[in-house]
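Each chain, written out:
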Amino acid sequence: MNNLAELPALTPALPEIVLAAGAMVLILMGAFRGNQSTGAVSGFAVMLLIAAGVVVALMPAETQTTFGGSFVLDPYAKFFKLLALIGSAVAIVMSGEFLSTPDRARFEYPVLIVLATTGMLMLISAGDLIALYLGLELMSLSLYVVAAIDRDKLKSTEAGLKYFVLGALSSGMLLYGASLVYGSTGSVTFAGIAQGAAAGGVGLTFGLVFLLAGLCFKISAVPFHMWTPDVYEGAPTPITAFFAAAPKVAAMAVFVRLATTAFPTVVPQWQQIVVFVSIASMALGSFAAIGQTNIKRLMAYSSIGHMGFALIGLAAGTAEGVQGVLIYMAIYVAMTLGTFACIIAMKREEGPVENIADLAGLARTKPGVAFLLGMMMFSLAGIPPLAGFFAKFYVFLAAVNAGLYALAVIGVVTSVVGAYYYLAIVKVMYFDEPAPALAPMRGELGVVLTLTGLFVLLFFVWPAPLVEAASAAAKSLF
């Protein structure tokens with residue numbers, strides 16, 4: 001009877017259970033039918049992610065905990081889980097052409113994305129350091145394999161190896177930090193750490209530094225960004241699109257939760273770290289991208305810069321700042337997926353092309369695609385009235401209200417610098433002599449580009465649903 005009485009405690013973890021059980025079924029399906037089942041497995045994987053999203057959306061609004069407080073389901077977790085599920089599902093949809101060639105048809109690919117997403121959802125709901133590490137490793141181990149899945153291509157295997165070696169280093173740092181925090185506070189739960197952290201101490205400070213360093217790697221923030229450009233360039237483009245969206249969402253979610261719920265009594269200590277990482281990421285993301293000719297490397301540096309902007313909201317240390325982070329990440333996912341839909345579609349008869357120069361004259365050969373990609377670039381640069389402007393507006397406003405005037409000013413200045421390389425792409429599309437025409441865009445990529453383009457263009461018309469959902473989610477942490 002006792003075992004039956006404990007069953008309802010699994011309800012908060014139902015989306016993770018759905019994904020984990022579904023992944024097992026997909027593995028069996030692929031094992032019996034081989035790589036010829038890749039298309040069917042991909043379709044079922046997308047349906048599984050949508051089903052998990054429906055389960056998350058139907059969960060009650062009040063905060064629930066299970067597994068002795070290790071797992072937390074609150075409005076904050078629901079918001080980020082839906083974002084991660086959308087990013088993963090769209091990434092599989094955009095991988096259709098990549099998986100359609102016989103030498104790349106591998107049924108493991110969508111299964112690994114489902115397992116990585118299971119880890120992301122676990123990470124987002126982590127209520128203690130053990131759950132955090134379990135979720136992080138389930139996500140990371142799947143990502144290492146996915147990065148190198150095109151094993152016949154040297155760049156892909158190199159990307160996977162670099163990501164694995166540096167990822168293992170970051171996991172070690174995170175574990176070392178967790179052990180120091182446990183030794184200083186006597187607890188691994190975020191609530192217990194918050195109580196024990198009030199006493200402070202050198203061990204706690206060092207533990208905090210190592211914990212945040214491990215998480216900075218996962219969001220590719222400076223100075224732990226070194227893997228990003230090589231992995232973005234080396235991994236197949238649909239996989240790069242996945243890396244740029246869903247895992248960043250999960251890592252940022254746990255970064256914010258850890259700082260605000262486990263260390264609310266030592267805000268000045270972690271605030272200094274976050275401010276430094278934010279400024280360094282914005283500066284590197286803005287200046288290092290200027291000389292790039294490969295559009296995937298450019299998007300890698302762009303991603304580093306955007307994580308810096310998102311961290312401005314966390315640096316504020318307020319509910320308003322966390323709301324800014326939530327809004328920023330939602331808009332960032334839309335802009336990233338839309339941009340990568342265009343990058344995946346960059347191909348000619350001889351194969352994919354990745355140089356910015358290959359977009360020359362796109363406005364004359366494909367005016368619709370050029371317009372939407374141009375809007376993505378303007379939005380990434382933060383030009384009003386597009387969604388990207390509001391993303392930056394909310395984090396800058398939170399920083400100003402928290403008295404972080406210098407951080408807000410540096411953010412605005414680096415935004416202006418970063419606008420240069422986004423606008424340079426628009427200039428290439430509209431004013432350079434046309435390059436040979438690109439192949440027609442596949443239907444699923446056109447749908448992704450259109451939907452994200454409409455979101456970016458029309459966000460200012462009705463921003464209330466996203467802003468209100470982000471506000472409710474942020475308040476659940478405080």
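Residues numbered from 1 in each chain as written. Predicted model: local features only at pLDDT ≥ 70, side-chain atom pairs only at ≥ 80, totals over all residues. Heavy atoms only, no water.

Looking at an unreviewed UniProt entry, one finds the protein named NADH-quinone oxidoreductase subunit N, with Rhodoplanes azumiensis as its source organism. Annotation of the protein in UniProt includes, under Subunit (unreviewed entry), the sentence "NDH-1 is composed of 14 different subunits. Subunits NuoA, H, J, K, L, M, N constitute the membrane sector of the complex." As recorded by UniProt, the Catalytic activity (unreviewed entry) comment attached to the protein reads in full: "a quinone + NADH + 5 H(+)(in) = a quinol + NAD(+) + 4 H(+)(out)". (UniProt positions renumbered as here; feature names shortened; annotations may be inferred.)

Caption draft 1: The arrangement of the overall build of the protein in detail. A count of helices and strands for the protein gives 21 helices and four strands. In terms of overall dimensions, the protein is globule-like: its C-alpha atoms have a radius of gyration of 21 Å, near the 23 Å expected for 478 residues. Along the three orthogonal principal directions, the C-alpha set of the protein runs to about 65 × 60 × 40 Å. Sorting the 478 residues of the protein into buried and exposed places 60% on the buried side. Excluding contacts between residues fewer than 6 apart, the proportion of contacts in the protein whose partners are at least 24 apart in sequence is 80%. (Helix = DSSP H or I, 4+ residues; strand = E, 2+ residues; numbered from the N terminus. Rg over C-alpha atoms; globule rule 2.2 N^0.38 Å. Buried < 20%, exposed > 50% of the residue type's maximum accessible area, 1.4 Å probe, protein only. Contact = heavy atoms within 4.5 Å.)

Caption draft 2: View of the nonpolar core. Counting 181 residues, the largest nonpolar core has Met-94, Phe-243, Leu-258, Phe-263, Met-329 and Leu-359 as the members making the most contacts within it. Sequence-distant contacts of Leu-258, defined by excluding residues within four places in its chain, comprise Leu-129, Leu-132, Phe-190, Leu-211, Leu-212, Leu-215 and Phe-263. (Core = buried A, V, L, I, M, F, W, Y, C linked by side-chain atoms within 4.5 Å.)

Caption draft 3: The arrangement of the layout of surface pockets in detail. The volume enclosed by the largest pocket comes to roughly 680 Å³. For the largest pocket, the lining is made up of 24 residues, of which Leu-82, Leu-83, Ile-86, Ala-330 and Phe-455 are closest to its centre. Put simply, the parts of the chain that give the lining of the largest pocket at least two residues each are α4 (75-94), α15 (319-344), α20 (443-458) and α21 (464-475). Top element by residues in the lining of the largest pocket is α4. It accounts for eight residues. The calculated volume of the second largest pocket comes to roughly 370 Å³. Lining the second largest pocket are 21 residues, and of these Phe-98, Arg-104, Thr-237, Lys-347 and Pro-352 lie nearest its centre. When contributions to the lining of the second largest pocket are tallied by element, the ones reaching two or more residues are α5 (96-100), α12 (237-262), α15, β3 (347-348) and β4 (351-352). The leading source of residues in the lining of the second largest pocket is α5, at three residues. (1 Å grid on protein atoms, 1.4 Å probe; cavity = no way out; pocket = protein on both sides within 12 Å on 5 of 7 lines; lining within 4 Å. Points joined across faces, edges and corners; volume = space filled by probe spheres on them.)

Caption draft 4: View of the environment of Gln-272. If you trace the backbone, Gln-272 turns up in helix α13 (residues 267-288). Sequence separation between Gln-272 and Ala-315 is 43 residues; the distance between their C-alpha atoms is 8.0 Å.

Caption draft 5: Just the packing of aromatic side chains, in detail. What the rule picks out here adds up to 19 aromatic pairs. Ring geometry for Phe-389 against Phe-393: centres 6.2 Å apart, planes inclined by 25°, an arrangement best described as stacked. Of the two residues, Phe-389 and Phe-393 both sit in helix α18 (residues 387-401), four residues apart, roughly one turn of that helix. Residue Phe-393 is classed as partly exposed on the basis of its relative accessible area, which comes to 37%. Each member of the aromatic cluster is reached from another via a ring pair, and the members are Tyr-144, Tyr-163, Phe-164, Phe-217, Trp-227, Phe-242 and Phe-243. A cation sits over an aromatic face here: Lys-392 above Phe-309, 4.4 Å from the ring centre. (Phe/Tyr/Trp six-rings, centres within 6.5 Å; stacked < 30°, edge-to-face > 60°. Lys NZ or Arg CZ within 6 Å of the ring centre and 35° of its normal.)

Caption draft 6: Expanded view of the environment of Val-322. Relative to the helices and strands, Val-322 resides in helix α15. Sequence separation of Val-322 and Gly-22 is 300 residues, and the distance between their C-alpha atoms is 33 Å. Residues within four places of Val-322 in sequence aside, it is in contact with Tyr-76, Val-256, Thr-260, Gly-313, Ala-474, Leu-477 and Phe-478.

Caption draft 7: Main features of the UniProt feature "domain: NADH:quinone oxidoreductase/Mrp antiporter transmembrane" (unreviewed entry) in the protein. As annotated in UniProt, the feature "domain: NADH:quinone oxidoreductase/Mrp antiporter transmembrane" (unreviewed entry) corresponds to residues 126-417 in the numbering used here. Taken as a whole, residues 126-417 contains 77% helix and 1% strand, while its terminal C-alpha atoms sit 37 Å from one another.

Caption draft 8: Structural view of a nonpolar patch on the surface. Side chains of Leu-454, Leu-458, Phe-460, Val-461 and Trp-462 sit close together on the surface and give an oily, nonpolar patch of about 560 Å² of accessible area. With respect to the helices, strands and loops of the structure, Leu-454 is situated in helix α20. (Patch = residues over 30% accessible without salt bridge, like charges linked within 9 Å, V, L, I, M, F, W, Y side chains within 5 Å. Areas by Shrake-Rupley, 256 points an atom, 1.4 Å probe, with all protein chains shown as cover. Salt bridge = Lys/Arg side-chain N within 4 Å of Asp/Glu carboxyl O.)

Caption draft 9: Fine view of the packing of α4 against α15. Relative orientation of the contacting elements α4 and α15 amounts to 5°, with a least axis distance of 11 Å. Regarding the angle of α4 to α15, the classification is roughly parallel. For the pair α4 and α15, contact is made by Tyr-76, Phe-79, Phe-80, Leu-83, Gly-87, Val-90 and Met-94 and by Val-322, Leu-326, Met-329, Ala-330, Val-333, Leu-337, Phe-340, Ala-341 and Ile-344, respectively. Grouping the amino acids of the contact of α4 with α15 by side-chain chemistry returns 15 nonpolar, one polar and no charged. (Axes fitted to C-alpha atoms, helices over the stretch in contact; angles between N-to-C directions. Parallel < 35°, antiparallel > 145°, perpendicular 65-115°, else oblique. Nonpolar A, V, L, I, M, F, W, Y, C, P; charged D, E, K, R; others polar.)

Caption draft 10: Main features of the pattern of salt bridges. All told, the structure shown has 12 salt bridges when counted by the stated rule. The shortest N-O distance in the salt bridge between Glu-158 and Lys-162 comes to 2.8 Å. Of this pair, Glu-158 and Lys-162 both sit in helix α8 (residues 154-185), separated by four residues, roughly a single helical turn. The class of Glu-158 is partly exposed, set by a relative accessible area of 36%. Here Asp-230 makes a salt bridge to Lys-162, at a shortest N to O gap of 3.0 Å. Pair noted here: Asp-230 is in helix α11 (residues 228-234) and Lys-162 is in helix α8, with a separation of 68 residues, a long-range link. Residue class for Asp-230 comes out partly exposed when judged on its relative accessible area of 28%. According to the relative accessible area criterion, Lys-162 is partly exposed, its value standing at 28%. Via salt bridges that share partners, Lys-155, Glu-158, Lys-162, Asp-230, Glu-233 and Arg-297 belong to a single interconnected network.

Caption draft 11: Local environment of helix α10 (residues 202-218). Over its 17 residues, α10 extends 25 Å from the first C-alpha to the last, a length consistent with the 24 Å expected when each residue adds 1.5 Å. Where α10 terminates, the next one or two residues include Ser-220, which has phi positive at roughly 55°. (Expected span 1.5 Å × (residues − 1).)

Caption draft 12: Broad picture of helix α2 (residues 14-33). With 20 residues, α2 should cover 28 Å at 1.5 Å per step; its first-to-last C-alpha distance of 28 Å lies within 8% of that length. Among the residues of α2, those classed as buried are Pro-15, Glu-16, Leu-19, Gly-22, Ala-23, Leu-26, Met-29 and Gly-30. Mapping the buried residues of α2 onto a view down its axis gives an arc of 145°, with all of them on the same face. Facing away from the buried side of α2, by more than 90 degrees, are the exposed residues Val-25, Leu-28, Ala-31 and Phe-32. Contact partners of the buried residues in α2: α3 (38-58), β2 (71-73), α4 and α6 (108-124). Gly-34 sits one or two residues past α2 and shows a positive phi near 75°. (Arc of directions from axis to C-beta.)

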